[in-house]
Amino acid sequence: MIRVLLADDEVIVRAGVKAILAAAPDIEVVAEAGDGREALDRARAHRPDVALLDIRMPVLDGLAAAAEFHRVVPDVSVVMLTTFSEDEYIASALDSGASGFLLKSGDPYELMAAVRAVHGGAAFLSPQVAHRVIRRLSGGVMTREAAARERVAALTPRERDVLALVGAGLSNAEIGERLFLVEGTVKVYVSAMLSRLELKNRVQAAVLAYQAGLVEE
(Lines give C-alpha, C1' and ligand atoms only; values in the text may rest on other atoms or scores of the structure.)
Protein backbone atom coordinates (compact mmCIF):
# COMPACT_ATOMS: atom_id res chain seq x y z
CA MET A 1 0.00 0.00 0.00
CA ILE A 2 1.10 3.56 -0.75
CA ARG A 3 0.68 5.53 2.47
CA VAL A 4 -0.60 9.07 1.94
CA LEU A 5 -0.77 12.16 4.16
CA LEU A 6 -3.46 14.65 3.12
CA ALA A 7 -3.17 18.30 4.20
CA ASP A 8 -5.84 20.89 3.41
CA ASP A 9 -7.51 23.44 5.68
CA GLU A 10 -10.94 22.72 4.14
CA VAL A 11 -12.51 19.62 5.69
CA ILE A 12 -14.86 19.10 2.74
CA VAL A 13 -11.96 19.13 0.28
CA ARG A 14 -10.04 16.62 2.39
CA ALA A 15 -13.09 14.37 2.48
CA GLY A 16 -13.45 14.55 -1.29
CA VAL A 17 -9.80 13.78 -2.00
CA LYS A 18 -9.85 10.96 0.53
CA ALA A 19 -12.93 9.46 -1.13
CA ILE A 20 -11.22 9.55 -4.52
CA LEU A 21 -8.10 7.84 -3.19
CA ALA A 22 -10.22 5.26 -1.36
CA ALA A 23 -11.24 3.91 -4.77
CA ALA A 24 -7.62 2.90 -5.44
CA PRO A 25 -6.78 -0.54 -4.02
CA ASP A 26 -3.10 0.32 -3.58
CA ILE A 27 -3.47 3.72 -1.85
CA GLU A 28 -4.34 4.43 1.78
CA VAL A 29 -4.73 7.81 3.52
CA VAL A 30 -3.01 7.27 6.86
CA ALA A 31 -3.14 10.83 8.23
CA GLU A 32 -4.80 14.20 7.68
CA ALA A 33 -3.86 17.73 8.64
CA GLY A 34 -5.46 21.17 8.49
CA ASP A 35 -2.28 23.23 8.11
CA GLY A 36 1.34 22.87 7.12
CA ARG A 37 2.74 22.68 10.65
CA GLU A 38 0.30 19.93 11.59
CA ALA A 39 1.21 18.13 8.36
CA LEU A 40 4.87 18.06 9.38
CA ASP A 41 3.98 16.69 12.80
CA ARG A 42 1.77 14.00 11.26
CA ALA A 43 4.51 13.12 8.77
CA ARG A 44 6.99 12.54 11.57
CA ALA A 45 4.47 10.38 13.43
CA HIS A 46 3.06 8.34 10.54
CA ARG A 47 5.93 8.31 8.02
CA PRO A 48 3.78 8.38 4.85
CA ASP A 49 5.20 7.68 1.41
CA VAL A 50 3.49 10.64 -0.23
CA ALA A 51 2.16 13.96 1.11
CA LEU A 52 -0.58 15.86 -0.73
CA LEU A 53 -0.33 19.49 0.35
CA ASP A 54 -2.67 22.36 -0.42
CA ILE A 55 -0.72 25.54 -1.22
CA ARG A 56 -2.86 27.98 0.79
CA MET A 57 -3.11 26.86 4.40
CA PRO A 58 -2.93 28.69 7.74
CA VAL A 59 0.01 28.59 10.21
CA LEU A 60 2.40 27.23 7.57
CA ASP A 61 1.40 27.29 3.90
CA GLY A 62 1.98 24.43 1.50
CA LEU A 63 5.05 25.96 -0.14
CA ALA A 64 6.83 26.50 3.17
CA ALA A 65 5.71 23.07 4.36
CA ALA A 66 7.10 21.43 1.20
CA ALA A 67 10.50 22.99 1.86
CA GLU A 68 10.39 21.71 5.45
CA PHE A 69 9.39 18.25 4.25
CA HIS A 70 12.40 18.25 1.93
CA ARG A 71 14.65 19.11 4.88
CA VAL A 72 13.08 17.14 7.75
CA VAL A 73 11.44 14.10 6.10
CA PRO A 74 13.17 13.85 2.69
CA ASP A 75 11.88 10.33 2.06
CA VAL A 76 8.32 11.68 1.78
CA SER A 77 7.43 12.68 -1.79
CA VAL A 78 5.40 15.90 -1.94
CA VAL A 79 2.63 16.70 -4.41
CA MET A 80 1.08 20.16 -4.36
CA LEU A 81 -2.70 20.18 -4.77
CA THR A 82 -4.29 23.57 -5.45
CA THR A 83 -6.94 25.56 -7.27
CA PHE A 84 -4.29 28.06 -8.37
CA SER A 85 -2.53 27.58 -11.71
CA GLU A 86 -0.54 30.82 -11.90
CA ASP A 87 3.05 30.27 -13.00
CA GLU A 88 4.54 31.80 -9.86
CA TYR A 89 2.80 29.21 -7.68
CA ILE A 90 4.02 26.39 -9.88
CA ALA A 91 7.60 27.65 -9.98
CA SER A 92 7.64 28.21 -6.22
CA ALA A 93 6.28 24.72 -5.59
CA LEU A 94 9.02 23.14 -7.68
CA ASP A 95 11.70 25.28 -6.06
CA SER A 96 10.50 24.14 -2.64
CA GLY A 97 11.27 20.52 -3.51
CA ALA A 98 7.85 19.24 -4.56
CA SER A 99 7.78 16.24 -6.91
CA GLY A 100 4.39 17.03 -8.42
CA PHE A 101 1.78 19.71 -8.99
CA LEU A 102 -1.94 19.05 -9.45
CA LEU A 103 -4.94 21.29 -9.95
CA LYS A 104 -8.04 20.47 -7.89
CA SER A 105 -10.08 21.02 -11.05
CA GLY A 106 -8.26 18.18 -12.80
CA ASP A 107 -9.37 14.63 -13.51
CA PRO A 108 -9.65 12.52 -10.31
CA TYR A 109 -7.59 9.81 -12.00
CA GLU A 110 -4.70 12.31 -12.23
CA LEU A 111 -4.67 12.29 -8.43
CA MET A 112 -4.16 8.53 -8.29
CA ALA A 113 -1.62 8.69 -11.12
CA ALA A 114 0.35 11.41 -9.33
CA VAL A 115 0.51 9.47 -6.07
CA ARG A 116 1.70 6.34 -7.87
CA ALA A 117 4.19 8.26 -10.02
CA VAL A 118 5.99 10.10 -7.24
CA HIS A 119 5.96 7.00 -5.04
CA GLY A 120 7.68 5.17 -7.90
CA GLY A 121 10.38 7.83 -8.07
CA ALA A 122 9.00 9.80 -11.00
CA ALA A 123 7.80 13.39 -11.16
CA PHE A 124 4.24 14.37 -12.04
CA LEU A 125 2.77 17.60 -13.36
CA SER A 126 -0.86 17.99 -14.27
CA PRO A 127 -1.13 17.89 -18.07
CA GLN A 128 -2.89 21.26 -17.82
CA VAL A 129 0.27 22.92 -16.55
CA ALA A 130 3.17 20.69 -17.64
CA HIS A 131 3.70 22.21 -21.06
CA ARG A 132 3.37 25.75 -19.73
CA VAL A 133 5.92 25.09 -16.99
CA ILE A 134 8.44 23.71 -19.43
CA ARG A 135 7.90 26.60 -21.81
CA ARG A 136 8.16 29.17 -19.03
CA LEU A 137 11.28 27.76 -17.43
CA SER A 138 13.04 26.99 -20.69
CA GLY A 139 11.71 30.17 -22.29
CA GLY A 140 12.95 29.28 -25.75
CA VAL A 141 16.00 31.45 -25.03
CA MET A 142 19.15 30.30 -26.79
CA THR A 143 21.47 31.45 -24.01
CA ARG A 144 19.53 29.39 -21.49
CA GLU A 145 19.60 26.37 -23.78
CA ALA A 146 23.34 26.77 -24.19
CA ALA A 147 23.78 27.03 -20.42
CA ALA A 148 21.72 23.87 -19.95
CA ARG A 149 23.82 21.98 -22.48
CA GLU A 150 26.97 23.15 -20.72
CA ARG A 151 25.69 21.85 -17.37
CA VAL A 152 24.67 18.53 -18.86
CA ALA A 153 28.09 18.16 -20.52
CA ALA A 154 29.57 17.57 -17.05
CA LEU A 155 27.61 14.32 -16.72
CA THR A 156 28.87 10.90 -17.70
CA PRO A 157 27.20 9.34 -20.77
CA ARG A 158 25.17 7.03 -18.54
CA GLU A 159 24.04 9.92 -16.31
CA ARG A 160 22.92 11.80 -19.45
CA ASP A 161 20.92 8.75 -20.52
CA VAL A 162 19.26 8.68 -17.09
CA LEU A 163 18.57 12.42 -17.20
CA ALA A 164 16.90 12.09 -20.61
CA LEU A 165 14.62 9.31 -19.35
CA VAL A 166 13.80 11.27 -16.19
CA GLY A 167 12.84 14.12 -18.51
CA ALA A 168 10.56 11.75 -20.38
CA GLY A 169 8.74 11.02 -17.11
CA LEU A 170 9.94 7.46 -16.55
CA SER A 171 10.16 5.94 -13.07
CA ASN A 172 13.32 4.28 -11.76
CA ALA A 173 11.93 0.86 -12.61
CA GLU A 174 11.11 1.92 -16.17
CA ILE A 175 14.54 3.52 -16.62
CA GLY A 176 16.10 0.28 -15.44
CA GLU A 177 14.19 -1.67 -18.08
CA ARG A 178 15.28 0.73 -20.83
CA LEU A 179 18.96 0.73 -19.81
CA PHE A 180 19.14 -2.89 -18.60
CA LEU A 181 20.00 -1.84 -15.04
CA VAL A 182 18.61 -2.96 -11.71
CA GLU A 183 16.42 -0.37 -9.98
CA GLY A 184 18.93 0.15 -7.16
CA THR A 185 21.62 1.10 -9.66
CA VAL A 186 19.26 3.56 -11.33
CA LYS A 187 18.64 5.21 -7.94
CA VAL A 188 22.40 5.65 -7.52
CA TYR A 189 22.68 7.24 -10.97
CA VAL A 190 19.72 9.55 -10.29
CA SER A 191 21.16 10.67 -6.95
CA ALA A 192 24.58 11.28 -8.49
CA MET A 193 23.06 13.19 -11.40
CA LEU A 194 20.95 15.42 -9.12
CA SER A 195 23.94 16.09 -6.87
CA ARG A 196 26.29 16.89 -9.74
CA LEU A 197 23.77 19.27 -11.30
CA GLU A 198 22.78 20.75 -7.91
CA LEU A 199 19.10 20.00 -8.50
CA LYS A 200 16.52 19.47 -5.75
CA ASN A 201 14.28 16.92 -7.45
CA ARG A 202 13.29 15.10 -10.61
CA VAL A 203 10.98 17.88 -11.80
CA GLN A 204 13.92 20.28 -11.98
CA ALA A 205 15.91 17.56 -13.70
CA ALA A 206 13.14 17.08 -16.26
CA VAL A 207 13.08 20.82 -17.03
CA LEU A 208 16.86 20.84 -17.50
CA ALA A 209 16.60 17.82 -19.80
CA TYR A 210 14.13 19.76 -21.99
CA GLN A 211 16.31 22.86 -21.93
CA ALA A 212 19.34 20.84 -23.00
CA GLY A 213 17.43 19.20 -25.84
CA LEU A 214 17.64 15.68 -24.39
CA VAL A 215 13.86 15.15 -24.66
CA GLU A 216 11.72 15.65 -27.72
CA GLU A 217 8.49 17.63 -27.13
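Residues numbered from 1 in each chain as written. Predicted model: local features only at pLDDT ≥ 70, side-chain atom pairs only at ≥ 80, totals over all residues. Heavy atoms only, no water.

## Quick word on helix α1 (residues 11–22)
Relative to the 16 Å expected for 12 residues at 1.5 Å per residue, α1 spans 16 Å between its end C-alpha atoms, a close match to the ideal helical length. Within the sequence span of α1, burial applies to Arg14, Val17 and Leu21. End-on view of α1: buried residues confined to an arc of 70°, all on one side of the axis. Along α1, exposed side chains directed more than 90 degrees from the buried face belong to Val11, Ile12 and Ala22. (Helix = DSSP H or I, 4+ residues; strand = E, 2+ residues; numbered from the N terminus. Expected span 1.5 Å × (residues − 1). Buried < 20%, exposed > 50% of the residue type's maximum accessible area, 1.4 Å probe, protein only. Arc of directions from axis to C-beta.)

## Quick look at helix α3 (residues 62–72)
When α3 is considered as a whole, its buried residues turn out to be Gly62, Leu63, Ala65, Ala66 and Phe69. Down the axis of α3, the buried side of the element spans an arc of 160°, and every buried residue falls inside it. Sitting at the amino-terminal end of α3 is Asp61, which places a side-chain oxygen 3.1 Å from the backbone nitrogen of Leu63. (Polar contact = N/O pair within 3.5 Å; in protein donor to acceptor, adjacent residues only side chain to side chain.)

## Describing the layout of surface pockets
Looking at the largest pocket, its volume works out to about 630 Å³. If you trace the largest pocket, you find 25 residues lining it, with Pro74, Ser77, Ser99, Leu194 and Arg202 closest to the centre. Elements supplying a minimum of two residues to the lining of the largest pocket: α3, β4 (77–82), α5 (108–119) and α10 (183–197). Looking at the lining of the largest pocket, the element that brings in the most residues is α10, giving 5 residues. Along the lines of polarity and charge, the residues of the lining of the largest pocket split into 10 nonpolar, 10 polar and 5 charged. (1 Å grid on protein atoms, 1.4 Å probe; cavity = no way out; pocket = protein on both sides within 12 Å on 5 of 7 lines; lining within 4 Å. Points joined across faces, edges and corners; volume = space filled by probe spheres on them. Nonpolar A, V, L, I, M, F, W, Y, C, P; charged D, E, K, R; others polar.)

## So, the pattern of salt bridges
Two side chains with opposite charge may pair up if their charged atoms get near one another. Taken as a whole and assessed by the stated rule, the structure comprises 10 salt bridges. The salt bridge partner of Arg14 is Glu32, with a shortest N-O separation of 3.0 Å. Of the two residues, Arg14 is situated in helix α1 and Glu32 in strand β2 (residues 27–33); the sequence distance between them amounts to 18 residues. In this structure, Arg71 and Glu68 form a salt bridge, with 2.7 Å as the shortest nitrogen-oxygen distance. Of this pair, Arg71 and Glu68 both sit in helix α3, 3 residues apart, which is roughly one turn of the helix. Overlapping salt bridges bring together Asp8, Asp54 and Lys104 as one network. (Salt bridge = Lys/Arg side-chain N within 4 Å of Asp/Glu carboxyl O.)

## Describing unusual backbone geometry
With a phi close to 65°, Val59 is a non-glycine residue in the positive phi region. Examined against the element boundaries, Val59 turns out to sit in the loop between β3 (50–54) and α3. Positive phi, normally seen in glycine, also occurs at Glu198, with a value near 55°. Looking at the element boundaries, Glu198 is found in the loop between α10 and α11 (202–211). Accessibility expressed as a relative area gives 72% for Glu198, which makes it exposed.

## A look at the sheet that holds β4
The 6 strands are arranged β2-β1-β3-β4-β5-β6 in an open sheet whose pairing can be described as parallel. Because the sheet does not close on itself, it has two edges, and the strands there are β2 and β6 (124–125). The sheet contact formed by strand β1 (residues 2–7) and β2 spans 6 bridges and is parallel. Looking across to β2, one finds that Ile2 is bridged to Ile27. The strands that α3 touches are β1, β3 and β4; relative to β3, the one it contacts most, it runs at about 155°. (Pairing = 2+ DSSP bridges. Contact = heavy atoms within 4.5 Å. Axes fitted to C-alpha atoms, helices over the stretch in contact; angles between N-to-C directions.)

## Topic: the nonpolar core
One finds Leu53, Phe69, Val78, Met80 and Phe101 to be the most contacted residues of the largest nonpolar core, which totals 30 residues. Filtering out sequence-adjacent residues up to four positions away, Met80 remains in contact with Leu53, Asp54, Ile55, Gly62, Leu63, Ala66, Ala93, Ala98, Gly100, Phe101 and Leu102. (Core = buried A, V, L, I, M, F, W, Y, C linked by side-chain atoms within 4.5 Å.)

## Structural notes on the packing of helix α8 (residues 157–167) against α10
If you want to describe how two helices pack, look at the angle between their axes and the distance between the axes. In the contact formed by α8 and α10, the axes pass within 10 Å of each other and the chain directions differ by 95°. Of the possible angle classes, the one that applies to α8 and α10 is roughly perpendicular. Where α8 approaches α10, its residues Arg158, Glu159, Val162, Leu163 and Val166 are matched on the opposing element by Tyr189, Val190, Ala192, Met193, Arg196 and Leu197. In terms of residue class, the contact of α8 with α10 is built from 8 nonpolar, no polar and 3 charged. (Parallel < 35°, antiparallel > 145°, perpendicular 65-115°, else oblique.)

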